[in-house]
Amino acid sequence: MPGFAFDPGMMRERVQGTAPPDHVRAEAFSVLYGTHEAVKGVSLGIPQGLVTAIIGPSGCGKSTFLRAINRMNDLIPVCSMRGRLLFDGEDITGPRVDVVTLRRRVGMVFQKPNPFPKSIFDNVAYGPRLHGGLSRAEITEVVERSLRRAALWDEVKDRLRDNALGLSGGQQQRLCIARALAVDPEIVLMDEPTSALDPRSTTRIEDLIAELRGDYTIIIVTHNMQQAARVSDLTAFLYEGELIEFGETRQVFTKPAKAQTEDYITGRFG
């Protein structure tokens, strides 16, 4: 199995109570589309500053769970939630939650790059401008800082006014990451962020995830088991909406607690 991002001291820290606190915690959390239960009573805690991968076959509820964390499922009229989903200890499922603020604190990168048909600069500046309160000089600083964090600055610094749609697919996805980082989120959700990219671009995104680890809590949905093993500290395996296993990535991939997990990661089904 390829290398792991897992810190070997993390288990000891968790036992001693010095591990990072849970940034997101699900407690008997379910998501329904009408009467269909896509996520079924999931309970788990996602620590702050680490990379958590969610794996499982198509239709198992991975993306549905991910999108619940920034309430994107609200855009689906028949969607409803049960149980509790906590962000820094606050239940975000209730009607009083300010969804706009939540989505600023929880950024998202989608499966396919989706830059706006605007300049590279304007793509990254969009969020800071929307939220307001920054001068033109401050926005320029945010754009440069975000592009640097997304490992894109050196490639685009001389063409910031060019249309973002002229970038390569891998560059577009890093631009979307820069756009997400520009509003200074605490959590970055990534839904199959490399599935539409070539191997070289995939490697760049994976290296970027490693660089962002610690500064952000990153939750990545992926079908690629090798990718989950390479980039994540923790792995959750979902099957038919249920959480089958959740733990340190090294443990899940080398000595899973459940036979069903072993069958999936070894390719016996999925």
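Residues numbered from 1 in each chain as written. Predicted model: local features only at pLDDT ≥ 70, side-chain atom pairs only at ≥ 80, totals over all residues. Heavy atoms only, no water.

Caption draft 1: Quick peek at the overall build of the chain. Helices and strands together make up the secondary structure of the chain, namely 11 helices and 10 strands. Its C-alpha atoms give the chain a radius of gyration of 19 Å, near enough to 18 Å, the size a compact globule of 270 residues would have. Dimensions of the chain along its principal axes, counting C-alpha atoms only, are 55 × 45 × 35 Å. The proportion of buried residues among the 270 residues of the chain is 50%. When the accessible surface of the chain is summed, it comes to about 12600 Å², and 47% of that surface belongs to carbon and sulfur atoms. Averaging the locations of the 33 positively and 34 negatively charged side chains of the chain gives two centres separated by 2 Å. (Helix = DSSP H or I, 4+ residues; strand = E, 2+ residues; numbered from the N terminus. Rg over C-alpha atoms; globule rule 2.2 N^0.38 Å. Buried < 20%, exposed > 50% of the residue type's maximum accessible area, 1.4 Å probe, protein only. Areas by Shrake-Rupley, 256 points an atom, 1.4 Å probe, with all protein chains shown as cover. Lys, Arg positive; Asp, Glu negative; His and termini not counted. Charge placed at Lys NZ, Arg CZ, Asp CG, Glu CD.)

Caption draft 2: The arrangement of the environment of V100 in detail. Here V100 is to be found in helix α3 (residues 99–105). As for V100 and H131, which are separated by 31 residues in sequence, their C-alpha atoms are 9.6 Å apart.

Caption draft 3: A look at the layout of surface pockets. In this structure, the largest pocket spans a volume of roughly 570 Å³. R103, G107, M108, Y126 and R179 are the residues nearest the centre of the largest pocket, which is lined by 19 residues in total. Contributing elements (two or more residues each) for the lining of the largest pocket: α3, β6 (106–109), α4 (120–131) and α7 (169–181). Among the elements that take part in the lining of the largest pocket, α4 stands out by supplying four residues, more than any other. (1 Å grid on protein atoms, 1.4 Å probe; cavity = no way out; pocket = protein on both sides within 12 Å on 5 of 7 lines; lining within 4 Å. Points joined across faces, edges and corners; volume = space filled by probe spheres on them.)

Caption draft 4: Representation of the packing of α7 against helix α8 (residues 199–212) in the model. Their axes nearest at 9 Å, the elements α7 and α8 cross at an angle of 20 degrees. Here α8 runs roughly parallel to α7, going by the angle between their axes. Considering only the axes of α7 and α8, their crossing is right-handed. Note on element contacts: α8 touches α7 through S201, R204, I205, L208 and L212, opposite G170, Q173, R174, I177 and L181. (Axes fitted to C-alpha atoms, helices over the stretch in contact; angles between N-to-C directions. Parallel < 35°, antiparallel > 145°, perpendicular 65-115°, else oblique. Left-handed = near helix turned anticlockwise from the far one by under 90°. Contact = heavy atoms within 4.5 Å.)

Caption draft 5: Quick peek at α8. Between its first and last C-alpha, α8 extends 20 Å over 14 residues, near the 20 Å set by a 1.5 Å rise per residue. Looking at α8, one finds that the buried residues are S201, T202, I205, E206, L208, I209 and L212. Projected onto a plane normal to the axis of α8, the buried residues spread over an arc of 155 degrees and lie on a single side. Projecting away from the buried face of α8 at angles above 90 degrees are the exposed residues P199, R200, A210 and E211. Looking at the buried positions of α8, the neighbouring elements they touch are β3 (51–55), α5 (136–149), α7, β7 (187–191), β8 (217–221) and α9 (225–231). (Expected span 1.5 Å × (residues − 1). Arc of directions from axis to C-beta.)

Caption draft 6: Representation of unusual backbone geometry. Of note, the phi angle at A151 is positive, near 55 degrees, even though the residue is not glycine. If you trace the backbone, A151 turns up in the loop between α5 and α6 (153–156). With a phi angle near 50 degrees, E192 is a residue other than glycine that sits in the positive phi range. Checked against the element boundaries, E192 lands in the loop between β7 and α8.

Caption draft 7: Layout of the sheet that holds β3. Taken in spatial order, the six strands line up as β6-β7-β8-β3-β9-β10 in an open sheet, and their pairing is mixed. Strands with a single pairing partner mark the edges of an open sheet, and in this sheet they are β6 and β10 (242–248). With direction set aside, neighbouring strand axes in the sheet form an average angle of 15 degrees. Looking at chain direction, β7 and β8 are connected through five bridges and run parallel. Residue pairing for β8: V188 is matched across the bridge by I218. Of the strands in this sheet, β6 and β7 are in contact with α7, which crosses β6 at around 170 degrees. (Pairing = 2+ DSSP bridges.)

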